[in-house]
Amino acid sequence: MITTLSPSDSLIGSLCREVEYARFRCANIIQSLGSTRDHNLLIRLKSEFNVLEGRRMEVLDTATSLKKTSLSNSLSINFLIEICRRPLPI
């Protein structure tokens, strides 16, 4: 994943990258949950998963609110909403 920011980077673009990273990390966590037997690691992974899912929902709520209040750049907002709503690759 490319994390280099350009001067033309936008808020919506940053949120899209954040949500895509969260989806990628959640998929890795799900895979790890199925293969670990360490109780402490299971707790940490579940906690991280919950934080990432919470952040994804927070971004979705923000994007939905922004769509209702903003007339400009609706295509990028719709794209952000689409990324937030995509199911996790399992």
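Chemist: Would you mind showing me how to read helix α3 (residues 74-85) here?
Modeler: The α-helix winds at 3.6 residues per turn, so residues separated by three or four positions along the chain end up facing the same way. A rise of 1.5 Å per residue sets the reference length of α3, with its 12 residues, at 16 Å; its end C-alpha atoms lie 16 Å apart and thus fit the reference within 8%. Turning to α3, the residues buried within the fold contact α1 (11-35) and α2 (39-69).

Chemist: For this particular structure, what's the right way to read the nonpolar core?
Modeler: For soluble globular proteins, the rule of thumb is that nonpolar side chains tend to be buried together. Among the nonpolar cores identified, the biggest contains 12 residues, and these are Ile12, Leu15, Cys16, Val19, Val59, Leu60, Ala63, Ile77, Leu80, Ile81, Ile83 and Cys84. Secondary-structure elements contributing two or more residues to this core are α1, α2 and α3. In terms of residue count, the dominant contributor to this core is α3 (five residues). Look past the residues within four positions of Leu80 in its chain and what remains in contact with it is Ile12, Leu15, Cys16, Val19, Val59 and Ala63. Residues Ala22, Leu45, Phe49 and Leu52 belong to the second largest nonpolar core, which totals six residues.

Chemist: I tried to follow the environment of Ile43 on my own but got confused; where do I start?
Modeler: Secondary-structure assignment places Ile43 in helix α2. The spatial distance from the C-alpha of Ile43 to the C-alpha of Leu33 is 9.5 Å, given a sequence separation of 10 residues.

Chemist: Please clarify how the packing of α1 against α2 should be interpreted in this entry.
Modeler: Helix-helix packing is characterised by the crossing angle of the two axes and by the distance between the axes. In contact at an axis separation of 9 Å, α1 and α2 are set at 150° when each is read in the N-to-C sense. Relative to α2, α1 is oriented roughly antiparallel. Where α1 crosses over α2, the handedness of that crossing is left-handed. Where α1 abuts α2, its residues Ile12, Leu15, Glu18, Val19, Ala22, Arg25, Cys26, Ile29, Ile30, Ser32 and Leu33 lie against Leu42, Leu45, Lys46, Glu48, Phe49, Leu52, Glu53, Arg55, Arg56, Val59 and Leu66.

Chemist: What exactly am I supposed to notice about the pattern of salt bridges here?
Modeler: When the charged atoms of two side chains lie near each other, side chains of opposite charge can form a pair. Enumeration according to the criterion identifies six salt bridges in this entry. Here Glu20 and Arg23 are joined by a salt bridge, their closest N and O atoms 3.3 Å apart. Separated by three residues within a single helix, Glu20 and Arg23 lie in helix α1, roughly one turn from each other. Judged by relative accessible area, Glu20 falls into the partly exposed class, the value being 30%. Linking Arg25 and Glu48 is a salt bridge whose minimum nitrogen-to-oxygen distance equals 2.8 Å. One end of the pair, Arg25, is in helix α1; the other, Glu48, is in helix α2, with 23 residues separating them in the sequence.

Scoring rules and cut-offs
- Residues numbered from 1 in each chain as written.
- Predicted model: local features only at pLDDT ≥ 70, side-chain atom pairs only at ≥ 80, totals over all residues.
- Heavy atoms only, no water.
- Helix = DSSP H or I, 4+ residues; strand = E, 2+ residues; numbered from the N terminus.
- Expected span 1.5 Å × (residues − 1).
- Contact = heavy atoms within 4.5 Å.
- Core = buried A, V, L, I, M, F, W, Y, C linked by side-chain atoms within 4.5 Å.
- Buried < 20%, exposed > 50% of the residue type's maximum accessible area, 1.4 Å probe, protein only.
- Axes fitted to C-alpha atoms, helices over the stretch in contact; angles between N-to-C directions.
- Parallel < 35°, antiparallel > 145°, perpendicular 65-115°, else oblique.
- Left-handed = near helix turned anticlockwise from the far one by under 90°.
- Salt bridge = Lys/Arg side-chain N within 4 Å of Asp/Glu carboxyl O.

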